[in-house]
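Structural overview for review
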Number of protein chains: 2
Amino acid sequence: MRIGIIGGTGGIGEGMALRMAPFHTVVIGSRETEKAQVCCRECEEILMKKGLSCSLIGKTNQETVDFADLVILAIPFKFLVPTLQELKGLEGKVVVSPVNPIEKTGEYFSYVPPSEGSAALLARKLLPEGTQLCLAFNNIAANRWRDLDDPLEYSVAVCGDDMGAKRKVMELAAGTPHLRPLDAGPLAVAPLVESLTPLLLNLGRFNRMKDVGVRFF
Amino acid sequence: MRIGIIGGTGGIGEGMALRMAPFHTVVIGSRETEKAQVCCRECEEILMKKGLSCSLIGKTNQETVDFADLVILAIPFKFLVPTLQELKGLEGKVVVSPVNPIEKTGEYFSYVPPSEGSAALLARKLLPEGTQLCLAFNNIAANRWRDLDDPLEYSVAVCGDDMGAKRKVMELAAGTPHLRPLDAGPLAVAPLVESLTPLLLNLGRFNRMKDVGVRFF
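Notes on the structure follow. All residue numbers refer to positions counted from 1 along the written sequence of the respective chain. Labels are handed out in written order, letters beginning with A for the chains and numbers beginning with 1 for the ligands. Two thresholds apply to this predicted model, a pLDDT of at least 70 for residue-level local features and 80 or more for giving and counting side-chain atom pairs, whereas whole-chain, interface and lining totals are computed over all residues. Just so you know, side-chain values use all the structure's heavy atoms and leave hydrogens and water out.

Some words on the relation of the copies chain A and chain B
- What sets the superposition is a least-squares fit of C-alpha atoms, and only residues with pLDDT of at least 70 in both copies go into it. Between chain A and chain B, which share one sequence, the superposing operator has a rotation angle of 180° and an axial displacement of 0.0 Å; the RMSD is 0.0 Å. Considering both components of the superposition, the chain copies are consistent with a two-fold axis. Among all residues of chain A, the minimum C-alpha distance to the rotation axis is found for Arg215(A), at 2.6 Å.
- By definition in these notes, contact holds between two residues if any of their heavy atoms fall within 4.5 Å. The residues that chain A uses at the interface reappear at the interface of chain B in 100% of cases, marking a shared surface.

Here you go:
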């Protein structure tokens with residue numbers, strides 16, 4: 001499976017690339033090709049030091065879409081609308097949203113979804129018909145993705161309305177040691193997964209914990 | 001500390017009584033005294049079989065408030081308004097809301113908060129001034145509370161605006177083996193904790209898991 005990571009040079013995108021590149025062909029997408037290629041070289045170096053070979057390519061975001069079977073939107077919420085308005089050719093592809101609409105009000109983080117109800121539902125509205133949209137990987141901090149010594153023993157809640165696409169995303173998570181994918185239901189319940197992230201951020205803040213993760217059991 | 005459990009004859013209330021009675025004086029409140037007393041005798045029997053002594057009293061909900069220092073509202077969301085309109089004398093007490101406004105739509109559970117934003121914020125509106133309201137214990141299934149062979153190794157997110165009250169609730173959780181209380185911030189972020197419960201219910205439903213629990217780490 002060819003994985004494309006839109007916004008792949010950001011913290012979470014780069015972390016995902018590091019974790020997935022030993023097992024899949026991963027394309028890191030960026031607004032600038034050169035930035036994506038620099039990020040690829042850095043990732044390759046980190047993985048080589050760990051004795052891991054990988055297949056990483058740096059491209060523009062549009063080229064990333066064109067090349068990949070599964071496209072991950074590793075972008076902040078504020079870039080969701082402009083990015084999806086720009087990208088073409090997502091029909092027929094599996095698109096994964098790990099996007100969380102979060103705001104910080106004084107001392108704490110809140111969930112501030114758009115009028116569609118969640119970032120994932122806003123994405124669905126913007127994506128062309130025939131795109132197989134799933135939500136996944138919303139609740140893992142960038143630092144946890146990037147710290148290859150962390151065994152990543154987290155639960156990954158996956159939402160989606162297309163069972164085939166959901167199965168692909170769950171397989172991708174299950175093949176990323178040691179994530180544990182769980183079916184969280186249809187896209188309609190995306191707010192329940194997205195709003196877990198500000199809770200984790202608040203728990204970190206108020207208990208002096210770093211990059212709080214979650215396990216369902 | 002004298003713990004009063006409003007709605008203590010329900011599944012979650014009875015489970016909490018079983019877990020807390022070996023360590024605290026626990027009053028089980030019900031609309032009918034006799035029902036509360038029957039529940040106490042049943043709990044005592046279960047605990048005795050485990051070799052645990054306990055201090056359990058059955059009373060009406062109002063007598064439970066009058067007797068307790070810390071009052072837990074172990075009631076379904078639909079009873080929150082009538083119950084709080086009826087009860088008197090909550091001023092100066094610590095009140096704990098484990099209430100989740102949840103609805104089932106077809107195949108899945110959704111978070112459907114009142115216009116105040118959450119069950120806890122609705123409770124705050126109804127409670128007299130000087131009541132020290134906290135939110136806690138929202139994410140533990142009744143069956144997990146009641147199964148004394150389950151070590152209850154869950155995280156408990158606690159919200160509240162009064163640090164003294166929050167500390168008391170966190171101590172109560174920490175003294176209930178083997179719960180791990182975590183400060184989740186002010187009452188304003190109660191929706192983030194309450195909405196975790198429908199997510200857990202959906203995870204249970206779509207992955208054939210029973211009474212899904214949560215750990216933050």
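Next comes the rest of the write-up.
What about helix α2 (residues 33–49) of chain B?
Residue and element names in this part refer to chain B.
- Compared with an ideal rise of 1.5 Å per residue, which puts 17 residues at 24 Å, α2 spans 25 Å between its outermost C-alpha atoms and is within 8% of the ideal.
- Among all positions in α2, only Ala36, Cys39, Cys40, Cys43 and Leu47 are buried. The buried residues of α2 all sit within an arc of 105° when viewed along its axis, so they share a single face. Turned more than 90 degrees off the buried face of α2, the exposed positions are Glu34, Met48 and Lys49.
- The helix and strand labels rest on DSSP assignments: H or I over at least four residues marks a helix, E over at least two residues marks a strand, and numbering proceeds from the N terminus. Tucked into the core, α2 has its buried residues touching α1 (11–20), β2 (25–30) and β3 (55–60). One less than the residue count of a helix, multiplied by 1.5 Å, gives the span that helix is expected to have. Note on classification: 1.4 Å probe, protein chains only; a residue is buried when its accessible area is under 20% of the maximum for its type, exposed when over 50%, partly exposed between these limits. The arc under discussion is defined with respect to the helix axis, by the directions toward the C-beta atoms.

A closer look at the sheet that holds strand β10 (residues 180–185) of chain B
Residue and element names in this part refer to chain B.
- Sheet architecture is open: 8 strands sit in the order β3-β2-β1-β4-β5-β8-β9-β10, paired in mixed fashion. Both edges of this open sheet fall to β3 and β10, since each of them pairs with a single strand only. Between one strand axis and the next, the sheet turns through 25° on average, direction left out of account.
- Alignment of strand β9 (residues 155–160) against β10, held across 5 bridges, turns out to be parallel. Residue pairing in the sheet places Ala157 in a bridge with Leu182 of β10.
- To define axes, lines are fitted to C-alpha atoms, for helices over the stretch in contact only, and angles between the resulting N-to-C directions are given on a 0 to 180 degree scale. Along the sheet face, α1 touches β1 (2–6), β2, β3 and β4 (70–73) and points at about 165° away from the line of β1. Strand pairing is defined by DSSP finding a minimum of two bridges between the two strands.

Regarding the side chain of Glu14(B)
- Considering the arrangement of structural elements, one finds Glu14(B) in helix α1.
- Excluding its chain neighbours within four sequence positions, the residues that come into contact with Glu14(B) are Gly8(B), Thr9(B), Cys39(B), Glu42(B), Cys43(B), Ile46(B) and Arg146(B).

Quick word on the packing of aromatic side chains
- Each Phe, Tyr or Trp ring (for Trp, its six-membered ring) is paired with any other whose centre lies within 6.5 Å, and the angle between the two planes then decides the class: stacked below 30 degrees, edge-to-face above 60, tilted in between. Applying the stated criterion across every chain, the model contains 4 aromatic pairs over all chains.
- Taken together, a centroid distance of 5.6 Å and an interplanar angle of 70° make the contact between Phe137(A) and Trp145(A) edge-to-face.
- For Phe137(A), a relative accessible area of 2% gives the class buried.
- Owing to a relative accessible area of 0%, Trp145(A) belongs among the buried residues under this scheme.
- The ring of Phe79(A) has Arg31(A) lying over it, and the distance from NZ or CZ to the ring centre is 5.3 Å.
- Only lysine NZ and arginine CZ atoms are considered, and such an atom sits over a ring when it is within 6 Å of the ring centre and within 35 degrees of the ring normal. One Lys or Arg, Arg2(B), reaches over the ring of Phe67(B) and ends 4.4 Å from the middle of that ring.

Let's talk about the environment of Val189(B)
- Locating Val189(B) in the fold gives a position in the loop between β10 and α8 (190–194).
- Taking C-alpha positions, Val189(B) is 9.2 Å from Gly117(B), a pair spaced 72 residues apart along the chain.
- When neighbours within four sequence positions are excluded, Val189(B) is seen to be in contact with Tyr108(A), Phe109(A), Ser110(A), Asn202(A), Cys159(B) and Ala184(B).

Some words on the interface of chain A and chain B
- Tallying the contact residues gives 35 residues for chain A and 35 residues for chain B.
- Defined in terms of a 1.4 Å probe, buried area is the accessible area two parts forfeit on being brought together, summed over both. With both chains or domains summed, chain A and chain B bury close to 2700 Å², and 72% of this area falls on carbon and sulfur atoms.
- Considering only the surface of chain A that becomes buried against chain B, Leu192(A), Leu199(A) and Phe217(A) emerge as the three largest contributors, covering 27% of it.
- Criterion for a salt bridge: a side-chain nitrogen of Lys or Arg within 4 Å of a carboxyl oxygen of Asp or Glu. At the boundary of chain A with chain B, the tally comes to 0 salt bridges.
- Each polar contact in these results corresponds to two N or O atoms within 3.5 Å; when the atoms are within protein, one needs to be able to donate a hydrogen and the other to accept it, and residues that are neighboring in sequence are counted only if both atoms are side-chain atoms. Taken together, chain A and chain B are joined by 8 residue pairs in polar contact (both at pLDDT 80 or more).
- Sorting the residues of the side of chain A that touches chain B by element identifies β7 (108–111), β10 (180–185), α8 (190–194), α9 (196–207) and β11 (214–216) of chain A as the ones contributing at least two each.
- Element by element, the count of residues in the side of chain A that touches chain B is highest for α9(A), at 8 residues.
- Each residue gets one of three labels, nonpolar for Ala, Val, Leu, Ile, Met, Phe, Trp, Tyr, Cys and Pro, charged for Asp, Glu, Lys and Arg, and polar for the others, Gly among them. Partitioning the side of chain A that touches chain B into residue classes produces 23 nonpolar, 6 polar and 6 charged.
- Bridge count between β11(A) and strand β11 (residues 214–216) of chain B: 3 bridges; the pairing is antiparallel. What sits directly across from Phe216(A), in β11(B), is Val214(B).

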